[in-house]
Each structure stands twice: as structure tokens, then as C-alpha cells.
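# Residue-level structural notes
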Amino acid sequence: MKKVYIETMGCQMNKSDTERMLGMLSYFGYEETKNPEQADLLIVNTCSIRQLSEDKAFSQLGVWGKWKQSKPALKIGIAGCVAQQKAKSIFKRAPYVDFVLGTHKIYALPEIIEKISKGEKICECTETNTTEDEQAVKYDIKRVKGVNAWIPITEGCNNFCTYCIVPYTRGRERSRLPETIIKEAKDALNTGFKEITLLGQNVDSYGKDFKDRNYRLADLLRELNAIEGKFRIRFVTSYPTDITDELIKTVVELDKVCEYFHIPMQSGSSEVLKAMNRRYDRETYAGIVAKVREMVPDVTITSDFIAGFPGETEEQFQQTLSAIDEFELDYSNLAAYSPREKTVAAKWVDKFIPEDIKNERFQRLNKKVQENCLKSNLKYVGREMEVLIENFYDHKGKMINTGKTRNFKTVHIPCDKDLTGEFVNVKITGTKTWYLQGDFT
Ligand code: SF4
């Protein structure tokens, strides 16, 4: 067998694409290695959400390019969002690269492998407006063994937030067919996965683009929930104004769907939200979060925020800090604003916030998120909760199992036996900032 090493950067969508690429490559005699030095084929699956990750990808390619001088048969590829965006120009910057594979074309990989083995250099980055379902059925997915299987249900995004590169790298929103998704879920469950996470930039708008059927996320959840066996279902990411009452009711009604919503707010200021081209203001977001909290008992709501968006004033930034408190957001992912080529906000150079102020705001946001995460965790001390064990490892000299509650809280449980993949009942005995501590009941 030949060996392939894939370095995966960025979001879960990229991790899912990597699993698909490994699946395809296994049909062509490649097996995965975790050691890049042993590989015959090296691929970096890139993320372009921030300049830093793009730079990291090119520096990785540079290292591999040097290896090629002493190992001329080595093949090097670049996939993911940077590949989609930069396309052929990558060959100029990194001439040792054999192929460039954009996000729209990952199912062209087998053909590319054949061509590069004959010495050709290939760039496959044409945009497509169809889903990849038809081709997908040809190859199984090579899932990284684990507890949770990520299943993309939509690709791309139509929202064009002024800071975001995704509509340019992943294209317009396309929903995958329910039949394909359900098959992938069944396959994953049959091979031992215990949790299905449905993935998309805006999962709540799943199905809006179907011309031949009226079928939305709630319908998909119902069909998945009906699959036999004990497992959990999650979905990320939700665009605030696309969350319907029907969807919330469905989450409450279905026993396998977990009490967890990831609803990015991005800023607590209505003016900044407008500049970001988000389709809601602070009050609208507040109403959505209040409704979800009221209808879904024990729900965890997480969010995303950007510090230092162009033109953000100190007062507007403080509205973000107060939003985290006021809406009792359980946890938030944070980013300091990073201008991305092609996006609208990247042109507002005269409004850019100086790096030191941006970083200082990021630190203050981080502190706020920590405080709120701890506050949120404290609510569960003394409670009994079901945990799905995901990992077993040595934590500061003690063996522990770690896993997630239904509402996405991480729990550490001291135990010498590896219980990965099992559902256990746990009494929450204490908490740290980022995780709960528990013991078996
Ligand atoms: S909703 Fe906005 S932030 Fe999210 S992927 Fe689409 S454009 Fe980007």
C-alpha cells in the first residue's frame, strides 16, 4: 500500500472533507499514515478564515517542498478553502505542488491522482452549483474512528456577511439529499459511532433550495431520530433568524436530538451587526435566544464573536460584553477581526482597528467568556447527567474518561477503565472553568 498523510486545518467541514478524501484514496491503494515523513502523498487541507491559517498552510508546503528534493517521487497537494480561492496561482508560489483541489471538486480526487502519477500538474477549482451526492455514492467515507460522526448536510452560504470568505470559497448554499445523509448516518452508526452531528454553515436553511420537495431540517431530524439504537443527534451552525418555532419544537419532541444550539451573534451592537450585513439586530437575537431557552429545558447556547470589526467603537464593543452576560451565553468562540481578500469589510482600511486595541478587546472578551462558562457550569453541580464518553487519558497523573452531556458540557470522570463510546450516568461533583467534574452514580 502507498501512504497518504493529510494535514487538516480549520473547521469540521474540512475534517469531514478529509474523511471523504481518505475514503476515495483507499480505493486507489493508499492507506493513511500519521507520520508525514513516511508518506508518498502529502495533502494540506486548508482554511482561509484568517490570514494566520493561510500562512501556516504555505509554510507547511514549504517544508514538504524541501523533502521533495531528496524524494522526487513524493506527490504534494493542496485542498480546501485556500486552494479554491488561490487556484492556479499556487503553482507560482509553491512550484513543488502537484495538484490544487478546490472545495467544490473534492470528488475529482481519484482522477487527479491518476493524472499526477503521469507527471501532470492539475488544478481543479471550478465552481459548481450542484451537490456532490451523485458522485459521493461511488466511494465510502473513511471515517476517523471515534464516537461522533460529522455529516455535512449543506455546502456553501448565501449570506455574504461583510467579513466572511466562506461564500467565495464554498460557493452558494446547496443542500445534500436526505437519502444520502440518512445512508451516511446509518453506515456510521453500524460501524459503532454513537453520535451524529449534522454540519453546515447554516443548517437551519437546509432544504430551502430543494425544487422537488418540501423538506427541511426538522423533517431530516425526524427521519434520523427514527433510526433504531441508542445514539445522539446534534446540528451546527444555526443562523439566528433561520431558527423556526417548528425546529425548536422538534428538538424538544425528539429523544435523540440534544439540547444544544450554536447561534453565532458576532457582535452585541446593532450598528456593528448592520455593518457586518447580519440580518438581525440585538433585540431580534435576544428574542430568539429567549424563545429557545423557554422552550428547551437545560439548553446550552453557544455563540461566536469578533473583536475589533472595522469601525467598532469602545461603546459598541462593550455592548458585546454585555450581550454575553445578558443572554447568559454558555460559551463563545472568539476571533480578532482579520481582513480577507474579496470581502467587503477588507476594503474599509481607514476604519481598521489598531492591532493593540483589537488584541486588548479580544483579551477582555476572553475573560468574559471564561466567567460565563464557569457561571453556566455551576448550575449543574449536584445534578445527575448522562455522559457519552469520548476519550480516556492521563490527566495530571490520574486516568480519566471525558465525555459530553446531552447539552454539550464536557465532564471529567476519574476511572481506570477506558469507557470510550459508552453512555454513563454521572453525578456532577464540581466544576472548573471549561469542564464539569463527575463521579459515577
Ligand atoms: S452566515 Fe455569514 S459568517 Fe456564516 S458562513 Fe455565511 S457569510 Fe460566513
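As shown above, the structure is provided for reference.
## So, helix α2 (residues 51–70)
For an α-helix, 3.6 residues make a turn, and residues three or four places apart therefore share a direction. Its 20 residues give α2 an end-to-end C-alpha distance of 31 Å, which sits within 8% of 28 Å, the value for a rise of 1.5 Å per residue. The set of residues buried in α2 consists of Ser-53, Glu-54, Ala-57, Phe-58, Gln-60, Leu-61, Gly-62, Trp-64, Gly-65 and Lys-68. On its buried face, α2 is in contact with β1 (2–8), β3 (41–46), β4 (75–79), α3 (80–86) and α4 (89–93).

## With respect to the sheet that holds strand β16 (residues 398–405)
Strand order in the closed barrel made by the 5 strands is β15-β16-β17-β19-β18, with mixed pairing throughout. Adjacent strand axes in the sheet meet at a mean angle of 50° when their direction is disregarded. Strand direction decides the pairing type here: strand β15 (residues 384–395) and strand β18 (residues 423–431), joined by 5 bridges, are antiparallel. Across the sheet, the residue bridging to Met-385 is Val-426, located in β18.

## Quick look at the pattern of salt bridges
In total, this model carries 37 salt bridges according to the counting rule given. A salt bridge links Glu-184 to Arg-176, with the shortest nitrogen-to-oxygen separation between them at 2.8 Å. Arg-176 shares its class with Glu-184; the two are buried. Salt-bridge contacts for Arg-222 lead to Glu-246; the nearest nitrogen and oxygen are separated by 3.1 Å. Here Arg-222, found in helix α9 (residues 217–225), pairs with Glu-246, found in helix α10 (residues 245–253); they are 24 residues apart in sequence, far enough to count as distant.

## Focus on a nonpolar patch on the surface
Taken together, the side chains of Leu-374, Leu-378 and Val-381 define a hydrophobic patch exposed on the protein surface, amounting to about 220 Å² of accessible area. Locating Leu-378 in the fold gives a position in helix α14 (residues 355–378).

## Here's the deal with the nonpolar core
In this structure, Ile-196, Leu-198, Leu-217, Leu-220, Leu-221, Phe-235 and Phe-261 are the most contacted members of the largest nonpolar core, which totals 65 residues. When residues of this core are assigned to their parent elements, the largest contribution, 5 residues, is made by helix α8 (residues 178–190). Taken domain by domain, this core gets at least three of its residues from each of domain 2 (145–258) and domain 3 (264–379). When sequence neighbours within four positions are dropped, the list of residues in contact with Phe-261 reads Phe-235, Ser-238, Ile-243, Val-251, Val-292, Val-296, Val-299, Thr-300, Ile-301 and Thr-302. Counting residues in hydrophobic clusters, the runner-up holds 21 residues, among them Ala-39, Ile-76, Ile-78 and Ala-94.

## Side note on the environment of His-262
Examined against the element boundaries, His-262 turns out to sit in strand β12 (residues 260–262). Put simply, His-262 and Pro-240 are 22 residues apart on the chain and 9.2 Å apart in space, counted from C-alpha to C-alpha. Residues within four places of His-262 in sequence aside, it is in contact with Val-236, Thr-237, Ser-238, Thr-302, Ser-303, Asp-304 and Asn-333.

## Focus on the site of the ligand
All residues in the neighbourhood of the ligand are listed as Cys-157, Asn-159, Phe-160, Cys-161, Tyr-163, Cys-164, Val-166, Pro-167, Gln-201, Asn-202, Tyr-239 and Arg-278. Partitioned by chemical class, the residues of the shell around the ligand number 8 nonpolar, 3 polar and 1 charged.

## Some words on the packing of α8 against α9
Between α8 and α9, whose axes approach to 11 Å, the crossing angle comes to 35°. Helix-helix and strand crossings are classified by hand; for α8 and α9 the assignment is right-handed. Of α9, the residues touching α8 (which contributes Pro-178, Ile-181, Ile-182 and Ala-185) are Leu-220, Glu-223 and Leu-224. Residue classes in the contact of α8 with α9 are distributed as 6 nonpolar, no polar and 1 charged.

Cut-offs applied
Residues numbered from 1 in each chain as written. Predicted model: local features only at pLDDT ≥ 70, side-chain atom pairs only at ≥ 80, totals over all residues. Heavy atoms only, no water. Helix = DSSP H or I, 4+ residues; strand = E, 2+ residues; numbered from the N terminus. Expected span 1.5 Å × (residues − 1). Buried < 20%, exposed > 50% of the residue type's maximum accessible area, 1.4 Å probe, protein only. Contact = heavy atoms within 4.5 Å. Pairing = 2+ DSSP bridges. Axes fitted to C-alpha atoms, helices over the stretch in contact; angles between N-to-C directions. Salt bridge = Lys/Arg side-chain N within 4 Å of Asp/Glu carboxyl O. Patch = residues over 30% accessible without salt bridge, like charges linked within 9 Å, V, L, I, M, F, W, Y side chains within 5 Å. Areas by Shrake-Rupley, 256 points an atom, 1.4 Å probe, with all protein chains shown as cover. Core = buried A, V, L, I, M, F, W, Y, C linked by side-chain atoms within 4.5 Å. Domains from an automatic or database assignment. Near = heavy atom within 4 Å. Nonpolar A, V, L, I, M, F, W, Y, C, P; charged D, E, K, R; others polar. Left-handed = near helix turned anticlockwise from the far one by under 90°.

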